[in-house]
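# Coordinate inspection notes
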Amino acid sequence: MNQTKNDPYRYDVVVIGAGHAGLEAGLASARMGLRTALLTINCDSVGQMSCNPAIGGVAKGQIVREIDALGGAMGLLTDATAIQFRLLNRGKGPAMHSPRAQCDKKAYQFLAKLTVERQTNLSLRQEMVEAIVVEGGRVAGVRCKGGAIYHARAVVVTTGTFLQALMHTGEVKTVGGRAGDASAEGLSGSLRSLGFELRRFKTGTPPRLNGRTIDFSKLEPQPGDPDPAPFSFLTERITQPQMDCHITFTNSAVHDQIRANLDRAPMYTGQIQSTGPRYCPSIEDKVVRFADRDSHQIFLEPEGRNTLEYYCNGISTSLPRDVQETILPMIVGLENAEIMRYGYAVEYDFAPPTQLGPTLETKAVPGLFFAGQLNGTTGYEEAAAQGLVAGINAARLVLDAEPLVIDRSQAYIGVLVDDLVTRGVDEPYRMFTSRAEYRLLLRSDNADLRLTEIGRAIGLVDDERWGRYERRSSQIGRLTAYLRSERVEGTTLGHILGRPPTTWDELVAMRPGLADLADDPTAIEQVTIEAKYGGYIARQAAQVERFRRLEDKPIPTDLDYLAIPQLRAEAKEKFTTVRPRSLGQAGRISGVNPADIATLLVHLKRSHPSAPATGVGTT
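Rules of the game
- Residues numbered from 1 in each chain as written.
- Predicted model: local features only at pLDDT ≥ 70, side-chain atom pairs only at ≥ 80, totals over all residues.
- Heavy atoms only, no water.
- Helix = DSSP H or I, 4+ residues; strand = E, 2+ residues; numbered from the N terminus.
- Pairing = 2+ DSSP bridges.
- Axes fitted to C-alpha atoms, helices over the stretch in contact; angles between N-to-C directions.
- Contact = heavy atoms within 4.5 Å.
- Buried < 20%, exposed > 50% of the residue type's maximum accessible area, 1.4 Å probe, protein only.
- Salt bridge = Lys/Arg side-chain N within 4 Å of Asp/Glu carboxyl O.

### Notes on unusual backbone geometry
One non-glycine residue with positive phi stands out, namely asparagine 89, at about 65 degrees. Tracing the sequence through the fold places asparagine 89 in the loop between strand 4 (82–88) and strand 5 (98–103). Even without being a glycine, asparagine 121 presents a positive backbone phi close to 75 degrees. Assignment of secondary structure puts asparagine 121 in the loop between helix 4 (105–118) and strand 6 (122–126).

What follows is the structure in structure tokens.
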């Protein structure tokens, strides 16, 4: 570690950007004992929610629980500042249960900033980074506007949508990565000069309305859950009052107006040529792609307790201002609604993530890490997960410790990172439960059981969290042992609980002693799920074992794929670009087929009969 404690420009790790990725990266590095600088264009926008002030959702909620289990901040920030909690997919199996919360936008942002300011070893600085400094072929720091140079052994870039960012509202174009903020113009050129490929993506946001002018009497209220489920395993219960969201719909008149103005929509005039998120389309895109639909749902979501501003979830748009002003009064409940902020689209540079290894360290420049929307993802949750992984590995690099790689069978975070670095992206990446082949094992309810020991081993899980984890896991262990050993008429209690009609309360009625073994309802929930879905879980565990056999077959990092004559040209190109670390990862590369893997395996057996492990620290 760097021993120069008082030099304001010499650190162990520098993190560029203080959004959700930068926040987790900076906190992780600092909590692991590294002197860390968190550099941002504006210190007042730490953890700002540029789009919908909501955390979690389908698959995303699982990611937030995993971040929390590893010792990250997002779950605690959400629990403290959310104004509505909902557990999605309650009617489906536990693998599909996904927590979601609507947050108080400003409260979240202020608490995020305060969390950073309080963190030992972490310095928050307002700087515009213009270049990556490289010495001797590896990262050495960053240069900021005005010439200041921050020296560091590791740098994490989390620039979000701010690289050469351009906002669009109709024909009007404004430089900036978010309304009211600047664009990072110099850093893209620096990255290109280091050999990185950059491309363009776009995202969008809807108008915001003054709630005083919305007629809520015409709208369908959407309340939160009466028994709100926290995100963090440290949160005992949610005590703050919740606020309602409301639902309305577009209609055929709105759609007709949008169609009449497509010649002024940047997406359709050629003004915007970059790709946007398929699963979060603009309202103009919905009207064109789903021409048979005469309405689309809109969620009116409050942005906080101390504001009347409402977010119009479902009508993201880059249509001109006058068109937005025309269509909103056509919507039920919004007849007299006043626009506080107009919708817009933003184009920005991103770096195709196949340029990274599984630690999110770049292949071209040792010590340089990329995380967040820079890697072509969408969403606060995906960004935070990457920031956590990058921050951990930046710190471990400086500490000369084995890097951490979380694989697909361990966490949605592992699925996310593996998808990015193995398959790359041709559109902004969003996590779904369908992307996780082992989703029955990767549930939101057991994230701590999967990951807290890892967080403890790397120094992110403090004594309070560890103590709570040990108490919960101990209760689960006691209950599990009891259910396996105790019988009723020759049948174990676990088998009885596994029968669909049987409830926990019915089991306690049979054996009252059960009530003395656990007082943690989450421990009871855990053993109930394991009993009800035991057969499916066992089958998926067997699949994981087969997966691990391929993951445990390493590929030498210096293998010359071009020298394997039997490989197809496309496979050679793909393998050379991605540099897979195992046969398992090689098989997941887009464009690679089973015959290519068989050819590669034969070559490895012949030329590297005792190939060493790649030392990736997979836990």
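### Examining the sheet that holds strand 3 (residues 54–56)
Spatial strand order, 3-5-4: 3 strands in an open sheet with antiparallel pairing. Pairing within the sheet leaves two strands with one partner each, and these edge strands are strand 3 and strand 4. Pairs of neighbouring strands in the sheet enclose a mean axial angle of 15 degrees, with direction left out of account. Pairing geometry for strand 3 and strand 5, over 3 bridges, is antiparallel. Note that in strand 5 the partner of isoleucine 55 across the bridge is alanine 101. Packing of helix 2 (residues 60–69) onto the sheet brings it into contact with strand 3 and strand 5, and relative to strand 3 it is tilted by some 80 degrees. On the sheet, helix 3 (residues 74–81) packs against strand 3, strand 4 and strand 5 and is oriented at approximately 115 degrees with respect to strand 4.

### Looking at the environment of valine 323
With respect to the helices, strands and loops of the structure, valine 323 is situated in helix 9 (residues 321–327). Exposure remark for valine 323: the relative accessible area of 2% places this residue in the buried category. The spacing of valine 323 and alanine 260 is 63 residues in sequence and 9.8 Å in space, taken between C-alpha atoms. When sequence neighbours within four positions are dropped, the list of residues in contact with valine 323 reads Asn261 and Arg264.

### Examining the pattern of salt bridges
Under the criterion given, the structure shown has 37 salt bridges. As a salt-bridge pair, arginine 465 and aspartate 68 come within 2.9 Å of each other at their nearest N and O atoms. Remark: aspartate 68 occurs in helix 2 and arginine 465 occurs in helix 13 (residues 463–485); sequence separation between them is 397 residues. You'll find arginine 465 and aspartate 68 in the same group, each marked buried. Arginine 568 serves as the salt-bridge partner of glutamate 570, at 3.4 Å between the closest nitrogen and oxygen. Residue classification places glutamate 570 among the partly exposed positions, given a relative accessible area of 35%. Residue classification places arginine 568 among the partly exposed residues on the basis of a relative accessible area of 33%. Bridged by salt links that share partners, the residues Arg408, Asp418, Asp419, Arg423, Glu437, Glu551 and Arg588 form one connected network.

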